[in-house]
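Structural overview
Residue strings, one per chain:
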Amino acid sequence: METRQLGRTGIEVSLLSIGGLYTSSLAGGVSETERIMHRAIELGVNAIDTAPAYADSERTVGQAIAGTDAPLVITTKLGGRPQPFDPQDLSGLRESVEESLRLLGRDQIDVLMIHEPDRPQQYPWWTSYDPLDGPVLELIDDLKAEGKIRFSGLAGTTVTEMTSLIQSDCFDVVLTAFNYNVLFREAAETVIPAAAEHDMGIVLGSVFGQGFLTRRAEVEVREKPFWLAETRRQQLLAYYDLLDQLEMPAYELCLRFAVSNPAISTIPIGCKTVEHLEASVEAVEKGPLSEEVLIRIDDIAAMVPRRPWEEPMILPFGKDYYGPGIANMGAAVQVGKLKLEV
């Protein structure tokens, strides 16, 4: 398995890594996770990304790797624990890190990421944006000094907000998800260039779009669901047509597109079984896509340069979805009040 440097950390990570959402009771639990991790190590995969928010993934991973002495790169996150979660509570944040270390069976975490740092309506991490400040930054400095973590990172899904956080130059790694794949390209404009400029490791999540890029919904797309924009519909049909012409599985196209970008450090995949892992490794080892195929994919992506706002991050094929939820004007009003009071 090819390795790439995780930015300024100097850590060499395998091009494929294990995404922790399904190394948990959401899939095969400890027994299957143990099989996945042992096979991953045999195949040269040396990194795993998990989080307190991924069900019982930290506990499951910790139990699955307890018997191995392979030099694994472990990434986990802050966010959502303990409950009720308060990102301004320094003692609670430290408690979460100590729990991660205990569950993972580790004395040190290689990269500790802040989960959803770009969504203040979900987790209000920051007391100031210019300069960036918040209790979590103090904790990260302390944890590095104590040797409990080696590096810090961001794990989010937006573009403008994540770019601003990257430009603070406070972090070593960024995990960006749902904004760079064969059809979505928003992160290519600012997130990836900003991270590269600051020599950050770039972890690319959700290259399969949590399944909507690999599970073909051709019948549904042709019938045009209520929420599906016509431009997206035409794009998906062009994507399916390209897959047919190339006679290539969708997962292979998605992975080989991702590895074609040399700025990407590693790609966590949410494999539920050993077979999923082996198929992904086989696809990646075929190498980047040809220039001709990349141009064709770029042309298809350009059919929808900006996502229709009705779309959720994961296209909801097969679900009873008819559009977005309630318009949240309350947040804007509150921001306006704060500005007036200041």
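Everything discussed here concerns the structure shown above.
Residues numbered from 1 in each chain as written. Predicted model: local features only at pLDDT ≥ 70, side-chain atom pairs only at ≥ 80, totals over all residues. Heavy atoms only, no water.

Attention shifts here to helix 2 (residues 57-64). Of all 8 residues that make up helix 2, 6 are buried, and the element is covered over most of its length. Looking at helix 2, one finds that the buried residues are S57, E58, T60, V61, G62 and A64. Where helix 2 is buried, its residues contact helix 1 (29-42), strand 4 (47-49), strand 5 (73-78) and helix 3 (90-104). (Buried < 20%, exposed > 50% of the residue type's maximum accessible area, 1.4 Å probe, protein only. Helix = DSSP H or I, 4+ residues; strand = E, 2+ residues; numbered from the N terminus. Contact = heavy atoms within 4.5 Å.)

Attention shifts here to the packing of aromatic side chains. The tally for this structure, following the rule as stated, stands at 10 aromatic pairs. Here W126 and F171 contribute two aromatic rings whose centre-to-centre distance is 6.3 Å and whose plane-to-plane angle is 65 degrees, an arrangement assigned as edge-to-face. Of this pair, W126 sits in the loop between strand 6 (109-115) and strand 7 (128-129) while F171 sits in the loop between helix 5 (160-166) and strand 10 (173-177), and the two are 45 residues apart along the sequence. Across the pair, F171 and W126 agree in class, each one buried. (Phe/Tyr/Trp six-rings, centres within 6.5 Å; stacked < 30°, edge-to-face > 60°.)

Below, the discussion takes up the pairing of strand 3 (residues 16-19). Each regular strand carries side chains that alternate between the two faces of the sheet. Strand direction decides the pairing type here: strand 3 and strand 12 (residues 267-269), joined by 3 bridges, are parallel. What sits directly across from L16, in strand 12, is I267. By the bridge criterion, 2 bridges tie strand 3 to strand 4 in an arrangement that is parallel. By the bridge assignment, G19 is partnered in strand 4 with D49. (Pairing = 2+ DSSP bridges.)

Before going further, it helps to examine unusual backbone geometry. In the segment running from R81 into P82, the intervening peptide bond is cis, with an omega of -5 degrees. Along the chain, P82 falls in the loop between strand 5 and helix 3. Look at the link from D130 to P131: it is a cis peptide, with omega at 5 degrees. One can find P131 in the loop between strand 7 and strand 8 (132-133). The phi dihedral of D199 is positive, around 55 degrees, even though this residue is not glycine. Relative to the assigned elements, D199 resides in the loop between helix 7 (191-197) and strand 11 (201-205).

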